[in-house]
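# Close look at the chain arrangement
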Amino acid sequence: MDHPVEPAGERQGPEILRERPVILLTVGTQLPFDRLVDIVDRVAPDTGEEVFGQIGKSTLSPRNFTFQENLPPRDFESKITSARVLVSHAGIGSILTARKYNKPIILFPRLAAHNEHRNDHQLATCAQLKTQAGIYVATDEGELRALLLDKGLVSGSEDPGAAVKRRQLTDAIGAFIGGGA
């Protein structure tokens with residue numbers, strides 16, 4: 001394989017990323033989701049953000065983000081509170097958690113063809129929810145990469161107009177600071 005993932009072991013990710021996760025990956029607690037873990041590990045360096053993953057019983061040990069198999073609820077709450085965006089399988093629990101904490105969520109459905117689930121009900125979930133504000137769907141690495149690099153994702157309860165104005169303001173401030181250097 002041509003990517004920076006090694007077999008699972010004791011390693012807990014790069015020390016430099018242990019401070020404050022900005023992108024939070026969670027794969028659920030019932031089944032491993034190595035395909036998603038692998039893709040996030042490849043994309044993580046390009047985001048320019050810290051990434052933390054709750055990766056369950058993955059057979060992989062990501063090199064580009066900090067991770068744990070499972071977090072106690074209090075620790076998970078702390079991680080999601082500080083997250084910019086949640087990346088998850090298309091599980092209803094993750095979707096409800098994103099709503100509860102007012103976070104945008106990127107759904108990456110498990111596929112039966114990859115033996116990630118017994119059927120493709122997560123594709124059906126994504127088809128039903130993809131038009132909802134704050135819910136984004138990716139089905140391959142390119143789509144997930146594009147969404148993770150998009151700093152303008154909004155939560156389900158955030159006014160999209162306010163998000164656009166905030167983005168314009170931060171772009172203008174960045175241009176001003178960059179131009180004055």
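Residues numbered from 1 in each chain as written. Predicted model: local features only at pLDDT ≥ 70, side-chain atom pairs only at ≥ 80, totals over all residues. Heavy atoms only, no water.

### What about the environment of Asp34?
In plain terms, the rule: For helices the rule is a DSSP run of H or I covering at least 4 residues; for strands it is a run of E covering at least 2, with both sets numbered from the N terminus onward. Only protein chains enter the accessibility calculation, which uses a 1.4 Å probe. A residue is then buried if its area is under 20% of the maximum for its type, exposed if over 50%, and partly exposed in between. Residue contacts are defined here by distance: any two heavy atoms, one from each residue, within 4.5 Å place the two residues in contact. Nitrogen and oxygen atoms within 3.5 Å of one another constitute a polar contact, given that in protein one can donate a hydrogen and the other can accept it, and given that sequence-neighbouring residues count only through two side-chain atoms.
Position of Asp34 relative to the elements: it lies in helix H1 (residues 34-47). Asp34 gets classed as partly exposed once you look at its relative accessible area, which sits at 23%. Along the chain, Asp34 and Leu60 lie 26 residues apart, while their C-alpha atoms are 6.6 Å from each other. Once you skip the residues sitting within four places of it in the chain, Asp34 turns out to touch Ser58, Thr59 and Leu60. Within the local environment of Asp34, its side chain forms a polar contact with the side chain of Thr59, the two groups lying 2.5 Å apart.

### Some points on the packing of H1 against helix H5 (residues 141-149)
Put simply, the rule is: To obtain each axis, a line is fitted to C-alpha atoms, and for helices this fit is confined to the stretch in contact; angles are then taken between N-to-C directions over 0 to 180 degrees. Angle categories are assigned with fixed cut-offs, so that under 35 degrees is roughly parallel, over 145 is roughly antiparallel, 65 to 115 is roughly perpendicular, and the rest are oblique. It is the rotation of the near helix from the far one that decides the hand of a crossing: anticlockwise by less than a right angle makes it left-handed, clockwise makes it right-handed. In this count, Pro and Cys sit with the nonpolar residues alongside Ala, Val, Leu, Ile, Met, Phe, Trp and Tyr, while Asp, Glu, Lys and Arg are called charged and the others, Gly among them, polar.
Relative to each other, H1 and H5 sit at 40 degrees, their axes nearing to 10 Å. Between H1 and H5, the angle falls in the class oblique. Where H1 crosses over H5, the handedness of that crossing is right-handed. Residues Leu36, Ile39, Val40, Arg42, Val43, Asp46 and Thr47 of H1 pack against Glu141, Leu144, Arg145, Leu148 and Leu149 of H5. Of the residues assigned to the contact of H1 with H5, the class counts are seven nonpolar, one polar and four charged.

### Quick look at the sheet that holds strand S2 (residues 23-26)
Going by this rule: Two strands are counted as paired when DSSP detects at least two bridges linking them.
Within the open sheet, the six strands sit side by side as S5-S3-S2-S6-S7-S8. Their pairing is parallel. For this open sheet the edge positions go to strand S5 (66-68) and strand S8 (135-137), each flanked by a neighbour on one side alone. Across the sheet, the mean angle separating the axes of adjacent strands is 20 degrees when strand polarity is ignored. Here strand S7 (residues 105-107) runs beside S8; their pairing, made up of three bridges, is parallel. By the bridge assignment for S8, Leu107 is matched with Val137. H1 contacts S2, strand S3 (51-54) and strand S6 (85-88) of the sheet and is inclined by roughly 170 degrees relative to S2.

### What about the packing of aromatic side chains?
Where two aromatic rings form a pair, the distance of their centres and the angle of their planes describe that pair. Using the following cut-off: To pair, rings of Phe, Tyr and Trp, with the six-membered ring standing in for Trp, must have centres within 6.5 Å; the planes then decide the type, stacked if under 30 degrees apart, edge-to-face if over 60, and tilted in the middle.
Throughout the structure, instances matching the rule amount to two aromatic pairs. Centre to centre, the rings of Phe33 and Phe108 are 6.0 Å apart; their planes meet at 50 degrees, and the pair counts as tilted. With Phe33 in the loop between S2 and H1 and Phe108 in the loop between S7 and helix H4 (121-129), the pair connects residues that are 75 residues apart, well separated along the chain. Taking 6.5 Å as the distance between ring centres and 80 degrees as the angle between the ring planes, the aromatic pair formed by Phe65 and Phe67 counts as edge-to-face.

### Considerations on the pattern of salt bridges
Oppositely charged side chains can form a pair if their charged atoms are brought close together. For clarity, the threshold we go by: By definition here, a salt bridge exists when the distance from a side-chain nitrogen of Lys or Arg to a carboxyl oxygen of Asp or Glu is within 4 Å.
Applying the stated rule across the entire model yields seven salt bridges. The closest approach of N and O atoms between Lys151 and Glu49, which form a salt bridge, is 2.8 Å. Of this pair, Lys151 sits in the loop between H5 and helix H6 (160-180) while Glu49 sits in the loop between H1 and S3, placing them 102 residues apart in sequence. Residue classification places Lys151 among the partly exposed residues on the basis of a relative accessible area of 42%. A residue is classified by how much of its surface remains accessible, and Glu49, at 15% relative accessible area, is buried.

### What to know about helix H2 (residues 73-82)
We apply this condition: Regarding the arc, it is the one traced by the directions from the helix axis to the C-beta atoms.
Phe76, Lys79, Ile80 and Ser82 are the residues of H2 that are buried. Looking straight down H2, one finds that the buried residues subtend no more than 165 degrees of arc, so they occupy a single side. Exposed residues lying more than 90 degrees from the buried face of H2 are Pro73 and Arg74. Tucked into the core, H2 has its buried residues touching S2, S3, S6 and helix H3 (92-100).

### A closer look at a nonpolar patch on the surface
Rule in force here: Residues enter a patch when their relative accessible area is above 30% and they make no salt bridge; the linking distance is 9 Å between like charges and 5 Å between nonpolar side chains (Val, Leu, Ile, Met, Phe, Trp, Tyr). Accessible surface is estimated by sampling points in the Shrake-Rupley manner with a 1.4 Å probe; for residues, cover comes only from the protein chains shown.
Together, Leu169, Ile173, Phe176 and Ile177 give the surface a local cluster of nonpolar side chains, amounting to about 460 Å² of exposed area. Overall, Ile177 belongs to the exposed group, its relative accessible area being 55%.

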